[in-house]
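Okay, here's what each chain looks like letter by letter:
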Amino acid sequence: YRSLESVTSLIASELSGLSPSEPTIIVENGSINLSKFGTPILESKNELLKEKGIKFLADRKLERWIPLFIIGDCPPDSNNDAESEYNQKFFGRIILPFKANSGKCFFAQGRTLFNDKPKYFNTSREFGGTIASEILLPYASHKTVFLTEGFMDALCLKLCGFNATSLQGASISQTQARLLKAGGVKHVVVLFDSDIAGHKGTAKVKRNLLDIG
C-alpha cells in the first residue's frame, strides 16, 4: 500500500475531480486486460448496449464521465473456457475500471444494465489484479468522507461536491478501514442502500471503524 502524492490515474484525476497534488491512498497489484471484457463505451459497435449504457449514466447526471466507462459487449468465446466465463459475467454491464499511475487497470466493477444477479460483479484474483476488499474509490484527503457501497452512489455524491468513496460492496475489510485511518479520515458518514444488506452492512461498518478508532 502506498500513498500516491501525484494522482494521475483516470479515476483519481478525471473521475473524482481531485487535484493531482492531493494524496490518495489506493492499492495497485497486478493488472487486468480490459479488452477481454468490453470496449470503451463510445467506441462500442453494439449500438443497443452503447445506447443503453449512455442513457443509464445520463439518467444519473453522470454524462461528464461517460468516456471513462467500458461497456461489456464482448460475446463469450467458446474457444477459451476461462475467457468465455469472464466475458459472460461482464456481458451487458457498464464497467468502471480502476487505473493507477502506470495506466494499468488493477480492478474493475461491472453494473448490470438489465435484471441480472448479482447487480454488481467485481474482478478478483483470477483476473490478474487485486480484489475489492483491498481498495477504495479514490477520495480527497480530508477529515470527513462519505462512504457508499457502490461507485455509482459515490460518483453522484462527488458530483454534488461531497468527498466520497466506495467499498464496492456492503462490508468493509480491515484493510479498507486502515486505509481510511491512514488517509487522515476522522469522521465517516455511512450511506449504504436502504435494504436488508445495506442496514446490516452499516452496523458492521460502524463497529469495524470504531474498533480502529
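Note that the structure is predicted; figures quoted are calculated from it, not measured.

Chemist: Can you break down unusual backbone geometry residue by residue, with the values?
Modeler: Omega for the peptide link from Lys-117 to Pro-118 comes to 0°, which places this bond in the cis form. Looking at where Pro-118 falls in the secondary structure, it is placed in the loop between strand 6 (105-112) and strand 7 (120-122). Positive phi, normally seen in glycine, also occurs at Lys-61, with a value near 65°. Looking at the element boundaries, Lys-61 is found in the loop between helix 2 (47-59) and strand 4 (70-71). Residue Gln-168 is not a glycine yet carries a positive backbone phi of 60°. If you trace the backbone, Gln-168 turns up in the loop between strand 9 (164-166) and helix 5 (174-182).

Chemist: Please provide a residue-by-residue account of the pairing of strand 8 (residues 144-148), values included.
Modeler: Buried residues dominate strand 8, accounting for four of its five residues. Pairing of strand 8 with strand 10 (residues 187-190) involves four bridges; the strand directions are parallel. When the bridges of strand 10 are listed, Phe-146 appears paired with Val-189. With three bridges connecting them, strand 8 and strand 9 associate as parallel partners. By the bridge assignment for strand 9, Leu-147 is matched with Thr-165. In the classification by handedness, the crossover that spans strand 8, the intervening helix 4 (residues 151-159) and the parallel strand 9 is right-handed.

Chemist: Requested: an account of the sheet that holds strand 3 (residues 39-40), with residues and values cited.
Modeler: Reading across the sheet, the five strands line up as 3-4-5-6-7 and stay open at both edges, with antiparallel pairing between neighbours. The open sheet is flanked by strand 3 and strand 7, the only strands paired with a single partner. Pairing between strand 5 (residues 93-99) and strand 6: seven bridges, direction antiparallel. Looking at strand 6, one finds that Arg-93 is bridged to Thr-112. Strands strand 4, strand 5 and strand 6 of the sheet are contacted by helix 2, whose axis makes an angle of about 70° with strand 5.

Chemist: Tell me about helix 4, and name the residues and values.
Modeler: Those residues of helix 4 that fall on the buried side of the exposure criterion are Phe-151, Met-152, Ala-154, Leu-155, Leu-157 and Lys-158. Positioned one or two residues after helix 4, Gly-161 has a phi angle of 95°, which is positive.

Chemist: Now, about the side chain of Gln-109: what can you tell me, with residues and values included?
Modeler: Looking at where Gln-109 falls in the secondary structure, it is placed in strand 6. Note on Gln-109: relative accessible area 1%, which makes it buried. At 2.7 Å, the side chain of Gln-109 forms a polar contact with the side chain of Asn-122. Sequence-distant contacts of Gln-109, defined by excluding residues within four places in its chain, comprise Phe-90, Ile-94, Ile-95, Leu-96, Tyr-120, Phe-121, Asn-122, Phe-151 and Gln-168.

Quick notes on the rules
- Residues numbered from 1 in each chain as written.
- Predicted model: local features only at pLDDT ≥ 70, side-chain atom pairs only at ≥ 80, totals over all residues.
- Heavy atoms only, no water.
- Helix = DSSP H or I, 4+ residues; strand = E, 2+ residues; numbered from the N terminus.
- Buried < 20%, exposed > 50% of the residue type's maximum accessible area, 1.4 Å probe, protein only.
- Pairing = 2+ DSSP bridges.
- Right-handed = clockwise from strand over helix to strand, strands pointing away.
- Contact = heavy atoms within 4.5 Å.
- Axes fitted to C-alpha atoms, helices over the stretch in contact; angles between N-to-C directions.
- Polar contact = N/O pair within 3.5 Å; in protein donor to acceptor, adjacent residues only side chain to side chain.

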